[in-house]
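Geometric and topological summary
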Amino acid sequence: MTDVETAAVVKADGYGLGADKVARAMMRAGVTKFFVAVAEEGVALRQALGPNVEICVFSGHMRGDTDMISDMMLTPMVNTVGQLTRHLEALPGHPFGVQLDTGMNRLGMELPEWASVAEIALSQNCRLVMSHLACADEPDHPMNRQQLDQFHLMTDGISVPRSLAATGGILLGPEYHFDLTRPGIGLYGGLPFTDAQPVAYLDLPVIQVRDVEEGETVGYGNAWTAARPSKIATVSGGYADGLIRALSGGATLWHGAHPVPLVGRVSMDLITADVTDLPELPGVLSILGPDQTVDALADRAGTIGYEILTSLGPRYQRRYSGG
Ligand SMILES: *Cc1c(COP(=O)(O)O)cnc(C)c1O
């Protein structure tokens, strides 16, 4: 067994689930390092978690962020020579990390840039050297090995801890783990971690139920026409709550174990569902639960679980258990 630390990625409000709550639960579970996308998220997280954890910022040391980084003890993952220079000049001695680009071409320094500053960076208070995989959710993709090789080429021999793997990379195996892993989606029950336990359930209240005659239509654009006398439930929740419009006509809600088809278009605050075949009129319908994971729902809208989770809006009453 090698000694690998697991950090938690809680960007985008903890993947839509509430960063302060999920991060506190993870802290109780022993996590001491967190990652966010931007400094503003780091400020909110510091206020929620107190001084005893490390909060790392993927966007690095952006212009205008110096006070937040300093006052809130954030650790920026610097992405360019410019960011490194800004950091060392503005906050000498303040911890930072370095993000390297190993082929994804999104964030981080490439080999020549890194070669020109590695010695300086590593002689300062550099806490982590990291990179990110582009295709880790496809285990057989040759890009994984290429990026692993490139990461070795760029970092072998340094004494600072290294990190390459998010959820997908963790599943590729121990070669990809280095000193620290950075799972996000796997902590929240999403693919590519097929064994993940779903953690987010979503029940929507039924506002009213009406009888609709054969031939009557429901919702915007008359997009659905009753083929038989039907009972239609109008449910509180719409695209402003993250039930994205692409779910129109293609999604299923659940009443216990009974599937209930969403009919017509998703509107801003409401969806409509055909409850004709239910044995009783429901008070709530479930759209995320044991019968429909975030990834299953995402499939119906042609997207990924990440987008469903991070779209969940602020109007839901959230209840937390466990942890
Ligand atoms: C979002 C992100 C993660 C977490 O990725 P998951 O696929 O959700 O596990 C890790 N590292 C970086 C750089 C990221 O942007």
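Structure: above.
Numbering of residues starts from 1 in every chain and runs along the sequence as written. The predicted nature of this model means local features are confined to residues of pLDDT at least 70 and side-chain atom pairs, given and counted, to a pLDDT of 80 or more, with totals for whole chains, interfaces and linings taken over all residues. Each side-chain value is derived from all of the structure's non-hydrogen atoms; neither hydrogens nor water enter the calculation.

1. Section: the pairing of strand β6 (residues 96–99)
Inclusion rule: Burial classification: accessible surface area is computed with a 1.4 Å probe over protein chains only, and a residue below 20% of its type maximum counts as buried, one above 50% as exposed, and the rest as partly exposed. The helix and strand labels rest on DSSP assignments: H or I over at least four residues marks a helix, E over at least two residues marks a strand, and numbering proceeds from the N terminus. Two strands form a pair only when DSSP identifies at least two bridges running between them. Orienting the strands away from the viewer, one traces the path from the first strand over the helix to the second; a clockwise path indicates a right-handed crossover.
Alternating positions in β6 separate into two faces, Phe96 and Val98 on one and Gly97 and Gln99 on the other, with burial throughout. Where strand β5 (residues 74–78) and β6 come together, 2 bridges link them in parallel fashion. By the bridge assignment, Val78 is partnered in β6 with Val98. Once you follow β5 into helix α5 (residues 81–90) and on to β6, the crossover reads as right-handed. Where β6 and strand β7 (residues 126–130) come together, 4 bridges link them in parallel fashion. From the neighbouring strand, Gly97 faces β7, where its bridge partner is Leu128. Assessed by its sense of winding, the connection that carries the chain from β6 through helix α6 (residues 111–123) to β7 is right-handed.

2. What to know about α5
Residues spaced three or four apart along an α-helix point in a common direction, a consequence of the helix completing one turn every 3.6 residues. Definition in use: The arc refers to the directions leading from the helix axis to the C-beta atoms.
Of the residues making up α5, those classed as buried are Gln83, Leu84, His87 and Leu88. All buried residues of α5 project into a common sector of 125° when viewed along the axis, lining one side.

3. Description of the side chain of Asp274
To keep it simple, the criterion reads: Contacts described as polar in this section are N or O atom pairs within 3.5 Å, which, within protein, must combine one atom able to donate a hydrogen with one able to accept it, while residues neighboring in sequence count only if both atoms come from side chains. Should any heavy atoms of two residues lie within 4.5 Å, those residues are counted as being in contact.
Mapped onto the secondary structure, Asp274 falls in strand β16 (residues 270–274). Residue Asp274 is classed as buried on the basis of its relative accessible area, which comes to 10%. At 3.5 Å, the side chain of Asp274 and the side chain of Arg228 are in polar contact. In this view, Asp274 contacts Trp224, Arg228, Ser230, Lys231, Ile232, Val260, Pro261 and Val263; residues no more than four positions away in its chain are not counted.

4. What to know about the site of the ligand
Put simply, the rule reads: Whether a residue is near a molecule or strand depends on its heavy atoms: if one lies within 4 Å, it is near. Three classes are used: nonpolar for Ala, Val, Leu, Ile, Met, Phe, Trp, Tyr, Cys and Pro, charged for Asp, Glu, Lys and Arg, and polar for all others, with Gly counted as polar.
Close to the ligand lie 15 residues, the nearest being Lys11, Tyr15, Thr167, Ile185 and Tyr306. One nitrogen or oxygen atom from the side chain of His132 is found 3.4 Å from a nitrogen atom belonging to the ligand. Of the residues in the shell around the ligand, the class split is 8 nonpolar, 4 polar and 3 charged.

5. Details of helix α7 (residues 142–155)
Put simply, the rule reads: Expected span of a helix: the number of residues minus one, times 1.5 Å.
Taking 1.5 Å of rise per residue, 14 residues should cover 20 Å, and α7 covers 20 Å from first to last C-alpha, within 8% of that figure. Those residues of α7 lying buried are Met143, Asn144, Gln147, Leu148, Phe151, Met154 and Thr155. Summarising the axial view, the buried residues of α7 lie within an arc of 135°, below the 170-degree limit, and thus occupy one face. Those residues of α7 that are exposed and aimed more than 90 degrees away from the buried face are Pro142 and Leu153. Structurally, α7 contributes buried residues whose contacts are with α6, β7, β8 (162–163) and α8 (167–172). Immediately downstream of α7, the backbone of Gly157 shows phi near 95°, a positive value.

6. Quick word on the nonpolar core
Convention followed: What is meant by a nonpolar core is a set of buried Ala, Val, Leu, Ile, Met, Phe, Trp, Tyr and Cys residues, joined one to another through side-chain atoms within 4.5 Å. Per the annotation, domain bounds derive from an automatic or database assignment of domains.
Judged by nonpolar contacts, the single largest core of 60 residues is most densely connected at Val10, Phe34, Phe35, Leu204, Leu253 and Leu309. By residue number, the principal contributor to this core is helix α3 (residues 39–49), which donates 4 residues. Two domains each provide a minimum of three residues to this core, namely domain 1 (5–188) and domain 2 (202–310). Once residues lying within four places of it in the same chain are set aside, the contact partners of Leu309 are Tyr15, Gly16, Leu17, Ile185, Tyr188, Ala200 and Val294. Judged by nonpolar contacts, the second largest core, of 22 residues, contains Leu88, Phe96, Leu100 and Trp114.

As far as function goes, none of this settles anything; it's purely spatial.
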